[in-house]
Amino acid sequence: MMWMLYTVIGLLIFAGLLYLLGNYTFWLPFRSAKLPRIVMLHQVTPHSDASGMNMPPEKFEQLLQLLVRKKSIFCFVSELEDYQGQKNVVALSFDDGFMDNYLYAYPLLKKYHAKATIYLATQIEGIEKLDIEQIHEMAQSGWIEFGAHTQHHVNLLKLDDQTAFQEMQQSKLDVEEMVGKCPSFAYPFGRFNEKHQQMAREIGFKNAVSTRKKIEAYNLDQPFNIPRVSTHGAMNAVQMRIALAKGRYKL
């Protein structure tokens, strides 16, 4: 019967090892501090559970504190090319345009002197979104830059080329009408192809972010597929450090 006990123990150890390797990707290659960290976020609210979409304010403050301790240089996504080769460059980015970005993230960004880019899906439905007064205040503060995220938060791969182009272009025009400029774009759901990258260039965006969970050098020749650091509202301190070092904290 001892062999059965050893088998069970072995299986438990194996399962624990798989869990550890899957949820703590310390084994991924280390990424140089000279490569920028573009951090992907969505909501920052205490009124929803921590998730891949929501990082509660206290967790977001922990992230900011960690970045400040690392002597991070905060920039807008549109400014990445100006910081090539510098160490500890961080561009915080928020998708969609949730009102909680103003209520909870914005005060913390000001407290820690951290810039951030918010990508607005200008006609998105089904969320409590930023109003025009909040957008104006944030843009005028110097801490927030606004980018575009299509008008209706659509999967570009499901649209014909003309409709996709219109969604991208009109969202840029919408943001420009609100705040005067719109240099950067984020692909909804991370769904796009090379045609959409070319559309972003033709429309006049300076660069565009994806949902690829990676850290790599900013590519001046093709800046329309920028990867971002994956986050989760329930990350612990170790996972947060791994994400910033590797690009993702779990598989």
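Refer to the structure printed above.
Here we summarise the structure given alongside this text.

The rules behind each value
- Residues numbered from 1 in each chain as written.
- Predicted model: local features only at pLDDT ≥ 70, side-chain atom pairs only at ≥ 80, totals over all residues.
- Heavy atoms only, no water.
- Disulfide = S-S within 2.5 Å.
- Helix = DSSP H or I, 4+ residues; strand = E, 2+ residues; numbered from the N terminus.
- Phe/Tyr/Trp six-rings, centres within 6.5 Å; stacked < 30°, edge-to-face > 60°.
- Buried < 20%, exposed > 50% of the residue type's maximum accessible area, 1.4 Å probe, protein only.
- Lys NZ or Arg CZ within 6 Å of the ring centre and 35° of its normal.
- Polar contact = N/O pair within 3.5 Å; in protein donor to acceptor, adjacent residues only side chain to side chain.
- Contact = heavy atoms within 4.5 Å.
- Expected span 1.5 Å × (residues − 1).
- Arc of directions from axis to C-beta.
- Salt bridge = Lys/Arg side-chain N within 4 Å of Asp/Glu carboxyl O.

Another point: the state of the cysteines. Counted according to the given criterion, the structure contains zero disulfides. Of the cysteine sulfurs around cysteine 75, a residue in no disulfide, the closest is that of cysteine 182, at 17 Å.

For residues that are not glycine, phi is negative in most cases, and the peptide bond is trans in most cases. The residue lysine 71 is not glycine, and still its phi comes out positive at about 60 degrees. With respect to the helices and strands, lysine 71 occurs in the loop between α2 (57–69) and β2 (73–74). Positive phi values are uncommon outside glycine, yet threonine 150 reaches one of about 70 degrees. Relative to the elements of secondary structure, threonine 150 occurs in the loop between β5 (144–148) and α5 (161–179).

Time to look at the packing of aromatic side chains. Counted according to the given criterion, the structure contains five aromatic pairs. Here tyrosine 187 and phenylalanine 192 contribute two aromatic rings whose centre-to-centre distance is 3.8 Å and whose plane-to-plane angle is 10 degrees, an arrangement assigned as stacked. In this structure, tyrosine 187 and phenylalanine 192 share a single accessibility class: buried. What links up through ring pairs into an aromatic cluster is the set Phe185, Tyr187, Phe192 and Phe205. Of note, lysine 115 hangs over the ring of phenylalanine 76, and the distance from its end group to the ring centre comes to 4.7 Å. Against the face of phenylalanine 205 rests lysine 172, its NZ or CZ located 5.7 Å from the ring centre.

Further remarks concern the side chain of asparagine 101. With respect to the helices and strands, the residue asparagine 101 is situated in helix α3 (residues 100–111). Asparagine 101 sits in the buried class, given a relative accessible area of 1%. Engagement of the side chain of asparagine 101 in a polar contact is seen with the side chain of aspartate 100, the distance being 3.1 Å. If near-sequence neighbours (up to four positions away) are discounted, asparagine 101 is found in contact with His42, Gln43, Val44, Phe94, Tyr106, Ile118 and Met138.

In this section: α5. When the terminal C-alpha atoms of α5 are compared, their 27 Å separation across 19 residues agrees well with the 27 Å that a helix rising 1.5 Å per residue should span. Listing the buried residues of α5 in full gives Ala164, Glu167, Met168, Ser171, Lys172, Asp174 and Val175. The buried residues of α5 occupy an angular sector of 160 degrees when projected down its axis, which confines them to one face. Pointing more than 90 degrees away from the buried face of α5 are the exposed residues Gln162 and Glu177. Tucked inside the fold, the buried residues of α5 contact β4 (116–120), β5, β6 (184–186) and α6 (194–203). Its side-chain oxygen at 3.1 Å from the backbone nitrogen of glutamine 162, aspartate 160 defines the N-terminal cap of α5.

The final tally for this structure, using the stated rule, is nine salt bridges. Its salt-bridge partner being lysine 111, residue glutamate 61 comes within 2.8 Å of it at the nearest N-O pair. Placement of the pair is glutamate 61 in helix α2 and lysine 111 in helix α3, with a sequence separation of 50 residues. A salt bridge links lysine 172 to glutamate 176, with the shortest nitrogen-to-oxygen separation between them at 2.4 Å. Within this pair, lysine 172 and its partner glutamate 176 are both found in helix α5, separated by four residues, close to a single helical turn. Each of Arg212, Lys214 and Glu216 takes part in salt bridges that share partners, so that together they form one network.

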